Amino acid sequence: MYKIVKKEVLNRDVILLEVEAPYVSARCEAGQFVIVRMGEDGERIPLTIADFDREKNTVTLVIQMVGYSTKLMGKLEEGDYFDDCVGPLGQPAPLNENWNRVVGIAGGLGAAPLYPQLRKLAEMGVKVDVIIGGRSAEYVIFADKFKEFCDNVYIMTDDGSLGGKGFGVDKLKELVANGEKYDHAIAIGPLIMMKFVVLATKEMNLPTAVSLNPIMIDGTGMCGGCRVTVGGETKFACVDGPDFDGFEVDFDECIKRQSFFKEEEHECMMKIGE
């Protein structure tokens, strides 16, 4: 059993949970994830490790309440428990201390998994900027946390309620057009957002890593549910990723596969009156 020691509501759709998980916190690195489960018959849900504290033996998870199981997780409180918290899973993000300056582009919830990667780069002596996007001010998360180590924090919202109006990729294009130079980018967010960031960075010849979170069941490469096509080859996000070279990812295939179980998810949501 894995105790929830802290709960924070970030907005109407997103919560933060700090969970006691000694084995995971002792070994995890930026970019890795866990699979959690509520109840003996609960669904296995992959969640990126947004932060960890080796002294407190905890990992921090940020959860968007969009499906049946994640909405149930939204009802958890401090002192409640997860039945399982398996990890760390996946490969650590491929971060390079020889990079001079990196820009991170986060879309919505993507700010959470981007945070430990940029923080690690800053600890390695790499200069980092971040662009955080959200539908509105309410959906911009982790901005203050990024300010602790980023040289520049840019905010973009769809409706202009905070920062600039538009998308993160718009800000990136503006920065590069104005002479800002980066030797690497990391984009994390919805698939469609990462696709358009990569289309832009290809034109800039700016190498870009993306983090994929496809449908996943076991997290060990056995089920094949998280297969993605990268560089024309089949990869498994759970063991080969979740971070990949964005220039090599077949985003159209990923987007199509992500909608395979919409009908089943709708049936599950009906159980809780959604």
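First things first, this report covers the structure right here in the doc.

1. Concerning unusual backbone geometry
A cis amide bond links Gly 87 with the next residue in sequence, Pro 88, at an omega value of 0°. Cis geometry marks the peptide bond from Gly 241 to Pro 242, where omega comes out at 15°. Tracing the chain through its elements places Pro 242 in the loop between helix 7 (237–240) and strand 16 (243–245). Unlike most non-glycine residues, Phe 142 shows phi in positive territory, near 70°. Of note, Phe 142 is situated in the loop between strand 9 (127–134) and helix 4 (143–146). Its identity is not glycine, yet Asn 205 carries a phi of approximately 60°, on the positive side. By secondary structure assignment, the location of Asn 205 is in the loop between helix 6 (191–204) and strand 13 (208–211).

2. Topic: the pairing of strand 5 (residues 58–64)
For strand 5, the tally of buried residues reaches six of seven residues, placing the bulk of the element in the interior. With seven bridges connecting them, strand 2 (residues 14–20) and strand 5 associate as antiparallel partners. Opposite Leu 16, over in strand 5, you have Val 62 as the bridge partner. Sheet analysis places strand 4 (residues 45–53) next to strand 5, joined by four bridges and oriented antiparallel. Bridging from a neighbouring strand, Asp 53 pairs with Thr 58 of strand 5. Where strand 4 folds back on strand 5, the antiparallel hairpin that results is connected by four residues, among which Asn 57 adopts a positive phi of roughly 65°.

What counts, and at which threshold
- Residues numbered from 1 in each chain as written.
- Predicted model: local features only at pLDDT ≥ 70, side-chain atom pairs only at ≥ 80, totals over all residues.
- Heavy atoms only, no water.
- Helix = DSSP H or I, 4+ residues; strand = E, 2+ residues; numbered from the N terminus.
- Buried < 20%, exposed > 50% of the residue type's maximum accessible area, 1.4 Å probe, protein only.
- Pairing = 2+ DSSP bridges.

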